[in-house]
Amino acid sequence: MTDLLKEIIDVDKAARERVAAAQNERNEAYLSVSEKKEALIRSEKEKSRKAAEEQSRENRKTAESALQALREKNSAITAQMDALLEENRERWISDVVTGALSEV
């Protein structure tokens with residue numbers, strides 16, 4: 001009977017050790033998965049940050065090109081208006097003076 005009791009205790013002890021080992025393995029697996037998850041999150045955040053920076057650079061280039069084109073267009077319009085002013089200055093002054101004096 002004592003041999004049977006000793007065998008039951010030994011089997012129980014071995015089972016407890018297997019359960020503890022399985023729990024340790026499970027905990028290590030959870031920790032490993034958690035670490036991999038955090039590493040993946042960091043990696044994706046870094047990719048997103050780099051993509052956002054690249055998009056920002058591209059947007060800035062596009063905006064600077066558009067701004068330069070607008071400045072050139074504005075400059076051309078200003079030059080046309082200046083030329084028109086020089087061409088018609090005397091006539092416009094005369095028309096304004098004549099109009100102002102005729103109303104008096």
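A quick note: this is a predicted structure, and the numbers were derived from the prediction, not measured.

Undergrad: Where do I start with the overall build of the chain in this structure?
TA: In terms of regular secondary structure, the chain is built from one helix and zero strands. Relative to the compact-globule value of 13 Å for 104 residues, the chain shows a C-alpha radius of gyration of 43 Å, a clear excess of over 25%. When burial is assessed residue by residue, the chain has 1% of its 104 residues classed as buried. Accessible surface for the chain amounts to roughly 9700 Å². Of this, 57% is attributable to carbon and sulfur atoms. Charged side chains in the chain number 19 positive and 22 negative. The centres of these two groups are separated by 6 Å.

Undergrad: It is not clear to me how a nonpolar patch on the surface should be interpreted in this structure. Could you clarify?
TA: Nonpolar side chains collect at one region of the surface, where Met-1, Leu-4 and Ile-8 lie side by side and expose about 380 Å² of accessible area between them. Structurally, Leu-4 can be placed in helix H1 (residues 2-102).

Undergrad: What should I look at first to understand the pattern of salt bridges in this one?
TA: For side chains of opposite charge, pairing can occur when their charged atoms come near one another. Here the structure, examined in full by the defined rule, presents seven salt bridges. Of the charged contacts in the structure, one is a salt bridge between Asp-12 and Arg-16, with a shortest N-O distance of 2.9 Å. Separated by four residues within a single helix, Asp-12 and Arg-16 lie in helix H1, roughly one turn from each other. Using a relative accessible area of 35% as the deciding quantity, one classes Asp-12 as partly exposed. In the salt-bridge network here, residues are joined through shared partners; they are Glu-46, Arg-49 and Glu-53.

Reading the values: the criteria
Residues numbered from 1 in each chain as written. Predicted model: local features only at pLDDT ≥ 70, side-chain atom pairs only at ≥ 80, totals over all residues. Heavy atoms only, no water. Helix = DSSP H or I, 4+ residues; strand = E, 2+ residues; numbered from the N terminus. Rg over C-alpha atoms; globule rule 2.2 N^0.38 Å. Buried < 20%, exposed > 50% of the residue type's maximum accessible area, 1.4 Å probe, protein only. Areas by Shrake-Rupley, 256 points an atom, 1.4 Å probe, with all protein chains shown as cover. Lys, Arg positive; Asp, Glu negative; His and termini not counted. Charge placed at Lys NZ, Arg CZ, Asp CG, Glu CD. Patch = residues over 30% accessible without salt bridge, like charges linked within 9 Å, V, L, I, M, F, W, Y side chains within 5 Å. Salt bridge = Lys/Arg side-chain N within 4 Å of Asp/Glu carboxyl O.

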